Amino acid sequence: MDGGKPEHSIPEKPRALPATEVLIGRLGWLIRLRWVAVGGSLFFVEVARRVLPIHIYFSQIFTVLGMLALYNMILGLVLRRVRRGGVGDSGNGSGGEGEESVGGVARFILPRTLPGVEYYDSKAAQAALLAGAQIGFDLFFLALLLHFAGGIENPLRVFFLFHIIIASILLSRQATYVVATAGLVFLSAVALGEFWGILPHYALEGHWRLDGYLDPGLVGAQLFLLGVTLFVAAYLASSIAARLRRRELDVVVLSRYLADKTESLEATCAELSAAEEAKSQYMRKVAHELRGPLGTIRTALTVVLEMMPETVAEKTLDLIRRAHRRAGELADITQELLSLSRAKGGRAVADFTLVEPAVLARHAMERLEFRAEEAGVSLSAEVEGELPAILGDPEGLGDLLANLLGNAVRYTPKGGSATLRVHGVGGRLVMEVEDTGIGIPKEDLPRIFDEFFRSKVAREFAPDGSGLGMAIVKAVLEHHEGSISVESAPGEGTRVRVEIPFEFDL
Amino acid sequence: MEGKTKILLVDDDQDLVDILTMVMEGRNYEVVSAKDASQALSQAEAERPDLIVLDVMMPEATEGFHVVWDLRSRKETYFQDVPIIMLTAIHEATPLRFYPDSGDGTYSPGEYLPVQGFVDKPVEPEILLKELERVLAISSGSR
């Protein structure tokens, strides 16, 4: 049997961690950071000019900062286009087919992904190139600033570390090393260019030594130490970033796994409910097939008993009476099987109609009146006036009440009473059936809703009965989002309380 | 009216037809029978019964209903007026509608099945006989 797709939608498999989005988001962050750097530099230069007894080459530094601002503005625009769906490729950036669309350079720049996990789309390639280019340009600008602010002598040189950290967050480990190398190259270009006189030296005239840039020992030591610092930083930062990334990927893999599991669970669930439905239908068919012949047998026997008893001997008549009674029991059982299968099959909610609780109660009372009289049990009902109608299956609800009242009558000794109370409490219809009957032993309570279960006490007290009544009650209640509670004291009586919401979400 | 009251009994269960025929003949009714929808219609035309006792289910789930609609939608007043008693297993799980489809043309949607009485299955002979008397009394009174 094909379970078919469950009706409610399975949540889509979580998309590959939106690494591209993360990357693009971080590029935005980088741009904002750069604005802070520009502003901070301006502020610092201004403060340094007033506070520090040094000469500063304003025009050069302001030119560099202005270029940096312009460059940052352009980057902002480019990033916005990438965000919207790609530069240069027909706007189909986000739908890319995983890693194939990510080119060689981009693949080198982007952090590794786990095998089998598509992590990037084609947009990521552009973002990657953008990230790499930015960091390169930043290094260049920093070197330029350093050059105009005193070269290797300026403590600003340690700012190269920031770029390493940023690179380790955004890029792959190997790209981070490339960035560290580039940083060292730019630093060396400044330091060695000035040392050999290829570049002019803009000295920070003031308290500092002015010839440090010409000291080979100092320049060598600075470059060596800075180089080591850059590479150690690249190693440490990218190690941490890699570990974090791996953890992220674990989460992706795990959520995939969970989504798959959920899907197969839901499929199993659908299969089970289809099997249950098939069982119900089978039951309904069987019961239905039994009904016709049984009804005819009973009618035939009734005709003999009621219309032509004089044609048979008294002994024969007695046998026919027994057969008639047993045929009746059989008819009751098939009737209950039908009710149960109907309640379980669940009449479509679309077929629900408004049911008046008072009418429901009256019909149930009428159905039971005769049996109660026969059993010598006094049957009474207290129904609150002006109850709103309830949305439900009238036949199912009728079966429910008839079964509860039927049990109360069946298991109450002569002279006892059975009472039906119907009232509304806080948006719910409450129907209570209380009797002074034999009660249900505590150990049997959990099983009374099982199909065909009858407690020993019940079987001894009333041999007939199918054991389907409470199963029908339960099935009808499930269909109406109702609830039930049963209190019972053996030998004293039972109270069953059923609650059904007047309205519920269809 | 001349002679006996004629009743058309329609049910696919031949045993039940025989038993109920016996019961009704015992009360001096004349009984003709049919075992499916097309027989029911041709018998109704040929025999012009005073009353029709019609099983709801028959072999196909709604055949009885179709017979009702077929008869009631005919022009001749006899078919519109002939009293019908449905044999139903009213508590049975069915998707049956006791009112016609919209677009049927003859009855507005939501109107109840145009029959005069119902008798539950399994049939209690006494109840059927009482229902026969009740319906016949009303229909002869109205003529």
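Structure: above.
Residues numbered from 1 in each chain as written. Chains lettered and ligands numbered in written order. Predicted model: local features only at pLDDT ≥ 70, side-chain atom pairs only at ≥ 80, totals over all residues.

Attention now moves to the sheet that holds strand S5 (residues 428-435) of chain A. What holds strands together in a sheet is hydrogen bonding between their backbones, with the strands either parallel or antiparallel. Residues and elements named next belong to chain A. Strands sit in the order S2-S4-S5-S7-S6 across an open sheet of 5 strands; the sheet is mixed. In this open sheet, the two strands that pair with only one neighbour each are strand S2 (378-383) and strand S6 (483-489). Neighbour to neighbour, the strand axes of the sheet diverge by 10 degrees on average, direction disregarded. Contacting S2, strand S4 (417-425) and S5, helix H9 (residues 357-375) crosses the sheet at an angle of about 175 degrees to S2. (Pairing = 2+ DSSP bridges. Helix = DSSP H or I, 4+ residues; strand = E, 2+ residues; numbered from the N terminus. Axes fitted to C-alpha atoms, helices over the stretch in contact; angles between N-to-C directions. Contact = placed C-beta atoms within 7 Å.)

This part covers the sheet that holds strand S3 (residues 51-55) of chain B. Residue and element names in this part refer to chain B. Pairing in this open sheet of 5 strands is parallel, and the strands run S2-S1-S3-S4-S5 from one edge to the other. For this open sheet the edge positions go to strand S2 (30-34) and strand S5 (117-120), each flanked by a neighbour on one side alone. Across the sheet, the mean angle from the axis of one strand to that of its neighbour is 20 degrees, orientation sign disregarded. Where strand S4 (residues 84-88) meets S5, 4 bridges bridge the pair, whose relative direction is parallel. By the bridge assignment for S5, methionine 86 is matched with phenylalanine 118. Across the sheet, helix H1 (residues 14-26) touches strand S1 (6-10) and S2, and the angle it forms with S2 is around 165 degrees.

Moving on to the interface of chain B and chain A. Each side of the interface is counted separately: chain B has 17 residues, and chain A has 18 residues. Of all elements in the fold, only H1 and helix H5 (125-142) of chain B reach the threshold of two or more residues within the side of chain B that touches chain A. When residues of the side of chain B that touches chain A are assigned to their parent elements, the largest contribution, 6 residues, is made by H1 of chain B. Looking at side-chain class alone, the side of chain B that touches chain A contains 9 nonpolar, 2 polar and 6 charged residues. (Nonpolar A, V, L, I, M, F, W, Y, C, P; charged D, E, K, R; others polar.)

Before going further, it helps to examine the pairing of S6 of chain A. All names here are of chain A. In the sheet, S6 pairs with strand S7 (residues 493-501) via 7 bridges, with the strands oriented antiparallel. Bridge pairing in S7 links glutamate 487 to arginine 495. Hairpin connection from S6 to S7: 3 residues lie between these consecutive antiparallel strands, with glycine 491 at a positive phi of about 85 degrees.

It is worth spelling out helix H3 (residues 63-72) of chain B at this point. Within the sequence span of H3 of chain B, burial applies to Glu63, Gly64, Phe65, Val67, Val68 and Leu71 of chain B. If you follow the buried residues of H3 of chain B, they end up packed against S1, helix H2 (37-47), S3, helix H4 (77-81) and S4 of chain B. (Buried ≥ 20, exposed ≤ 12 C-beta atoms within 10 Å, placed from the backbone.)

Moving on to helix H5 (residues 160-170) of chain A. In terms of burial, H5 of chain A is a largely internal element, 8 of the 11 residues being buried. Inspection of H5 of chain A places Phe160, His163, Ile164, Ile166, Ala167, Ser168, Ile169 and Leu170 of chain A among the buried residues, and these make up the whole buried set.

Attention now moves to the nonpolar core. Most often, soluble globular proteins have nonpolar side chains that are buried together. Residues and elements named next belong to chain A. One finds Ala127, Ala131 and Ile164 to be the most contacted residues of the largest nonpolar core, which totals 54 residues. Ranked by residues supplied to this core, first place goes to helix H4 (residues 122-148) with 14 residues. Residues in contact with isoleucine 164, not counting those within four places in the same chain, are Thr176, Val179, Ala180, Gly183, Leu230, Ala233, Ala234 and Ala237. Residues Val355, Leu400, Ala418 and Ala458 belong to the second largest nonpolar core, which totals 45 residues. (Core = buried A, V, L, I, M, F, W, Y, C linked by C-beta atoms within 7 Å.)

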